[in-house]
Amino acid sequence: HTLGLVTSNLSWHAPSQIAAAIKSRASHLHFNVVMSMIEQPDLSACKNAVNGLLAQRVDGLIVNIPLEDEQAQAIARMCGRVPVLFVDVSPELATHSITFDAAAGSHLAVEHLIEQGHQQIALLCGPQDSVSARLRQQGWQQALAQHHLNAVAQLRGDWSSLSGYLQTLALISLNTPFTALLVANDQMALGALRALHESGLSVPARVSVIGYDDTEDSACFIPPLTTIKQDFRALGSACVDRLIAQIHTPDLPAHASVLPVSLIKRQTTA
Ligand code: IPT
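Right, let's walk through the structure included here. Chains are numbered independently. Their residues run from 1 in the order of the written sequence. Local features in this predicted model are restricted to residues of pLDDT 70 or higher, and side-chain atom pairs are both shown and tallied only at a pLDDT of 80 or more, whereas totals for entire chains, interfaces and linings draw on every residue. Only hydrogens and water are set aside when side-chain values are computed; all heavy atoms of the structure are taken into account.

**Quick word on the nonpolar core**
Test applied: By nonpolar core we mean a set of buried residues, namely Ala, Val, Leu, Ile, Met, Phe, Trp, Tyr and Cys, connected to one another through side-chain atoms within 4.5 Å. Burial classification: accessible surface area is computed with a 1.4 Å probe over protein chains only, and a residue below 20% of its type maximum counts as buried, one above 50% as exposed, and the rest as partly exposed. In this description a helix means any DSSP run of H or I spanning at least four residues, a strand means any run of E spanning at least two, and both kinds are numbered starting from the N terminus. Residue ranges labeled as domains rest on an automatic or database domain assignment. Only heavy atoms matter for contacts: two residues are in contact if any of them lie within 4.5 Å across the pair.
Grouped together as the largest cluster of nonpolar side chains are 63 residues, with contacts concentrated most on Trp-140, Leu-181, Leu-182, Val-209 and Leu-235. No other element matches helix H8 (residues 232-248), which puts 7 residues into this core. Counting the residues that make up this core, at least three belong to each of domain 1 (2-100 + 231-260) and domain 2 (102-229). The residues touching Trp-140, leaving out its near neighbours within four places in the chain, are Ser-106, Ala-109, Val-110, Leu-123, Leu-124, Cys-125, Leu-182, Val-183 and Ala-184. Ranked by size, the runner-up nonpolar core spans 19 residues in total, among them Val-6, Ile-38, Leu-54 and Ile-75.

Here you go:
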């Protein structure tokens, strides 16, 4: 049996760890995995990748590409009777999906900062074309609003550490006072730490930083990063198990599972 995986850029930490987790769970169950990678999320590239894997006669497909509802529905139609499972779509969409609880992650991060007395909080969001990035941003805004706060500034990167660096420099140059920075992923947080360091703003004494993902390197950043953990091993296992169930039970009712996230307190917040 062979499972197909369509994935976003594997040079990014999160998708590569998700792919590794899928691969190891599948191997354990004696399934092969064939992969197709898309460098920039784009519907036609995703369709090509899906067609390529269907031509290789995969028994089921996992799609880790950020997709809007209509896009995911178009992909599901293309797959016909081949089971498909999405990991980067809205949890509201009526399809087979496994995602992380974005609202909970954003709330945990905001509550942690508020407990430490922060009021001037800036946001470094992910790309606009990512459902997950938008859900994290909305979650932050809702949690801040519950404390009668607005973000003092909002910037947007592209998930890369370089964009985190450049956007944080841009934030600093606005001269808007901020004591904490919520970042939509750990790679951008890595770049943010460099920008803060170069600007003489010590972390966490002057600025607290919280990432999102808890990818493997985050415990080794300087200082070790406080972040929201998405358990990518658990996601990979759950995806393989669910897809195999879909293969064995073709009319398994569509179900949107939402996995929990947790706050990992390290040394970038105080
Ligand atoms: C999401 C990561 O949180 C983010 O850091 C980035 O790598 C992105 O993937 C790439 O698509 S995790 C995804 C399952 C929502």
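**A word on the sheet that holds strand S9 (residues 208-213)**
Rule in force here: Being paired, for any two strands, means DSSP has found at least two bridges between them. Angles run from 0 to 180 degrees between N-to-C directions of axes, and those axes are lines fitted to C-alpha atoms, restricted for helices to the stretch in contact.
Taken in spatial order, the 6 strands make up an open sheet running S7-S6-S8-S9-S10-S12, and their pairing is mixed. Edge positions in the sheet fall to strand S7 (153-156) and strand S12 (262-264), since each has one partner strand and no second. Between one strand and the next, the sheet's axes are offset by a mean angle of 20°, whatever the strand orientation. Pairing between strand S8 (residues 180-183) and S9: 3 bridges, direction parallel. Within S9, the position partnered with Leu-182 by the bridge is Ile-210. Contacts between helix H6 (residues 161-173) and the sheet are confined to strand S6 (121-125), S7 and S8, with S7 contributing the most and set at about 155° to the helix.

**Looking at the side chain of His-118**
Here is the rule we go by: Side-chain atoms alone can form a polar contact between residues adjacent in sequence; in general such a contact is a pair of N or O atoms within 3.5 Å, and within protein one must be able to donate a hydrogen while the other accepts it.
Its place among the elements puts His-118 in the loop between helix H4 (102-115) and S6. Residue classification places His-118 among the buried residues on the basis of a relative accessible area of 8%. A polar contact is formed between the side chain of His-118 and the backbone oxygen of Ala-270, at a distance of 2.9 Å.

Without other data, these values stay purely geometric and don't point to any function.
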